[in-house]
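Spelled out from the first residue to the last, the chains are:
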Protein chains: 2
Amino acid sequence: MPRGLGAAGQRTPDVVLAVDIGGTTVKGSVFVDGAEATAERVAPTCEGSSSSLDTVLAVLSTLDQSARSLGHEPTAIGAASPGFVDTRAGVVRGAVNLGWTELPLGSILATRFGVPAAVDHDARTAARAEMALRPDLRDFIFIPLGTGVSAAVVTAGEMVVGAHGQAGELGHMPVVPLGRACSCGELGCLEAYASASAVLTRYLTAGGSAGSAADVSRLVGEDRLADQVWSEAVQALAKAVVTLTAVLDTEEFIIGGGLAASGPILLDPLRRAVAEMLGWRSAPVISASRAGPRAGVLGAALLGRSAHLSSAHDDPGEQ
Amino acid sequence: MPRGLGAAGQRTPDVVLAVDIGGTTVKGSVFVDGAEATAERVAPTCEGSSSSLDTVLAVLSTLDQSARSLGHEPTAIGAASPGFVDTRAGVVRGAVNLGWTELPLGSILATRFGVPAAVDHDARTAARAEMALRPDLRDFIFIPLGTGVSAAVVTAGEMVVGAHGQAGELGHMPVVPLGRACSCGELGCLEAYASASAVLTRYLTAGGSAGSAADVSRLVGEDRLADQVWSEAVQALAKAVVTLTAVLDTEEFIIGGGLAASGPILLDPLRRAVAEMLGWRSAPVISASRAGPRAGVLGAALLGRSAHLSSAHDDPGEQ
């Protein structure tokens, strides 16, 4: 839904190339003055260090060409990345699912495309999109359930980034003693039970047949194996919600990522499990992401916009 | 160590009656211009609603008399309470270990003693004492292990109070599925394994003989039963530290409360367990409280001082 295209008069419009880098796909779109100007591009994220970066660069090149074909010179890039992201330095310190370590993504993108590039943690980026849609949110935690599991924690209206900018790795909360192996090398992490990829892998490994976690969710109530895998995911997630509510007194948990598409199949039993474990206090609201699968791209657009604004004094945005 | 006593010249000194209300004891002292002016008073907290409040009132009466016998008119009260404390309203919303529900402690104390009275959560109060001793602390979590287990979370230098002022109930993090019954009515909470009272009760129930959790800690390495109870407490606590580090990227965990007196018997295995579970990132610093068993009283003195300062415009502090 393009809005304000060409309506900026003399002013150079904000033209942001926004990418949401996931463990499964890289998604991107062009935003002009905050409004989406193209259809979303989606490419499968490849395995290994150089190839997943190649996918990101290829998606951005396509977006760059799309923007130019619409008559717009890009002014900034916003990128949401999984893993440990040092947003001030623009460096992805570590993203296990992508094979990235100490990748200076911000400067790589800025050099390649000649515009300022801002990089942030995927969950924090998506949470900013939720905050833009609901300015009332003050004490909430956004939990995207995709290839991995992470979290963006907001307390008293402030995003928690942590001592080293590494906050949000909820996926590595220990939930099952000596449980399933996680990509981080530990056993029994939340991510090994409640991520979309864990739900699918566990179902397939146990002998089930499905193409995605969404397929597994549709079998809940009909297939005993699906029921078990799903219930263990819900219980693991409920432990996380209960723990964080107890410690942070969180008002609302917003569930996003691929698994959130399952809607009430996920949220209803999660609400029940959390309420059961929280007999001693009021349970938090548990809701589905408003921005949905687009939260990362929309947040990346906000990120790119702020990168453009903050660089406007140093750089006119033209190359 | 009285300091500045009578040195204030014309100015009325701050005379704070500070109490730290615990599940086992109520401790209190008088502070004049921030320096402790009396020896600490300690009284056993009684069971049930009215009697634990009676103990608090009795300790404060003794402190009030002590202050007056030194020639000082009290100017404020600071009180640290366990449970859910709404510090703005001065109300203890619920403290299971004390049998308190919706107790307007602030107004009860202010009315009884005729001075402003501030009430806050015990862990947050103690954490303020730690911050006063170490102004470098920015991203840390203070965990007192006493009759219960709670936490004070500080991120980017700000104390997290939560959506309803109820942050900090770490004791009710679920750590053992269908585990031991907790005072909150749930099963398998951290508090049922890692509080000083849980350590003692579990040891006694299993057939051991000890008078306190400290006694149990001294048997570690010599007594198989003590080893087991202690190791389960450490593992449960390590899960909490790992979870909070993953989510909040906490720089340091400061362990306080009665169990912290065990020192390296607790901290060494805790550091090892946390480092083992955090192979995927750097482990946080784990240290013992600097203020030690006095953190609550020292924090309550700071609390009372700020109550006096904030009421100074409305009330000259004389009755």
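Procedures and definitions
- Residues numbered from 1 in each chain as written.
- Chains lettered and ligands numbered in written order.
- Predicted model: local features only at pLDDT ≥ 70, side-chain atom pairs only at ≥ 80, totals over all residues.
- Heavy atoms only, no water.
- UniProt positions renumbered as here; feature names shortened; annotations may be inferred.
- Helix = DSSP H or I, 4+ residues; strand = E, 2+ residues; numbered from the N terminus.
- Rg over C-alpha atoms; globule rule 2.2 N^0.38 Å.
- Buried < 20%, exposed > 50% of the residue type's maximum accessible area, 1.4 Å probe, protein only.
- Contact = heavy atoms within 4.5 Å.
- Areas by Shrake-Rupley, 256 points an atom, 1.4 Å probe, with all protein chains shown as cover.
- Least-squares fit on C-alpha atoms with pLDDT ≥ 70 in both.
- Phe/Tyr/Trp six-rings, centres within 6.5 Å; stacked < 30°, edge-to-face > 60°.
- Polar contact = N/O pair within 3.5 Å; in protein donor to acceptor, adjacent residues only side chain to side chain.
- Salt bridge = Lys/Arg side-chain N within 4 Å of Asp/Glu carboxyl O.
- Buried area = accessible area lost by both parts, 1.4 Å probe.
- Nonpolar A, V, L, I, M, F, W, Y, C, P; charged D, E, K, R; others polar.

In the annotation of an unreviewed UniProt entry, the entry for chain A reads Glucokinase, and the organism field reads Nesterenkonia lutea. Looking at chain A in UniProt, the text filed under Sequence similarities (unreviewed entry) is "Belongs to the ROK (NagC/XylR) family."

> Where do I start with the overall build of chain A in this structure?
In terms of regular secondary structure, chain A is built from nine helices and 14 strands. Against the compact-globule benchmark of 20 Å for 319 residues, chain A has a radius of gyration of 20 Å, which places it among compact chains. Based on the C-alpha atoms only, the size of chain A along its principal axes is roughly 60 × 40 × 35 Å. The buried share of chain A, taken over its 319 residues, is 58%. When contacts within chain A are restricted to residue pairs at least 6 apart in sequence, long-range pairs at least 24 apart make up 60% of them. Surface exposure of chain A reaches about 12500 Å², of which carbon and sulfur atoms provide 54%.

> I keep staring at the relation of the copies chain A and chain B and nothing clicks. Help me out?
To go from the first copy of the chain to the second, apply a rotation about an axis and then a shift along the same axis. With an axial shift of 0.0 Å and an RMSD of 0.0 Å, the rotation relating chain A to chain B amounts to 180°. The symmetry that links the two subunits is that of a two-fold axis. Among all residues of chain A, the one whose C-alpha sits closest to the rotation axis is Val-175 of chain A, at a distance of 3.9 Å. By residue overlap, the copies meet face to face through one surface: 100% of the interface positions of chain A are interface positions in chain B.

> Please clarify how the packing of aromatic side chains should be interpreted in this entry.
Describing an aromatic ring pair means giving the distance of the ring centres and the angle of the ring planes. For the structure on display, the rule yields two aromatic pairs over all chains. Ring centres of Phe-84 of chain A and Trp-280 of chain B lie 6.0 Å apart, and the angle between their planes is 45°; on these two criteria the pair is classed as tilted. Linking Phe-84 of chain A in strand β6 (residues 84-86) with Trp-280 of chain B in the loop between α8 (264-277) and β14 (285-288), this pair reaches from one chain into another. On the basis of relative accessibility, which here comes to 15%, the residue Trp-280 of chain B falls in the buried class.

> In this structure, what is going on with the environment of Asp-268 of chain B? I would like to understand it.
All names here are of chain B. Along the chain, the position of Asp-268 falls in helix α8. Counting along the chain gives 178 residues from Asp-268 to Gly-90, while the straight-line C-alpha distance between them is 38 Å. At 3.1 Å, the side chain of Asp-268 and the side chain of Arg-271 are in polar contact.

> Help me understand the pattern of salt bridges, please; the structure alone is not making it clear to me.
Where charged atoms from two side chains of opposite charge come close, those side chains can pair. Counted under the stated rule, the structure contains 30 salt bridges over all chains. Note that Arg-294 of chain A is salt-bridged to Glu-36 of chain A, the shortest N-O span being 2.6 Å. One end of the pair, Arg-294 of chain A, is in the loop between β14 (285-288) and α9 (295-311); the other, Glu-36 of chain A, is in strand β3 (residues 35-36), and 258 residues separate them in sequence. One salt bridge connects Arg-93 of chain B with Glu-102 of chain B, and the closest N-O pair in it is separated by 2.6 Å. Classification of Glu-102 of chain B by relative accessible area gives partly exposed; the value is 43%. Each of Glu-36, Glu-40 and Arg-294 of chain A takes part in a single network of salt bridges with overlapping partners.

> Could you clarify how one ought to interpret the interface of chain A and chain B in this entry?
When the parts come together, some accessible area is lost, and that loss is often what is quoted as the size of the interface. Listed by partner, the interface residues are 36 residues for chain A and 36 residues for chain B. Contact with chain B buries area across many residues of chain A, yet Val-247, Asp-249 and Trp-280 of chain A alone supply 21% of it, more than any other trio. The tally of links from chain A across to chain B stands at zero salt bridges. Our count for the chain A to chain B interface comes out at 16 residue pairs in polar contact (both at pLDDT 80 or more). Of all the secondary structure elements, the ones that give two or more residues to the side of chain A that touches chain B are β11 (152-155), α7 (224-248) and α8 (264-277) of chain A. In the side of chain A that touches chain B, the residues fall into 19 nonpolar, nine polar and eight charged.

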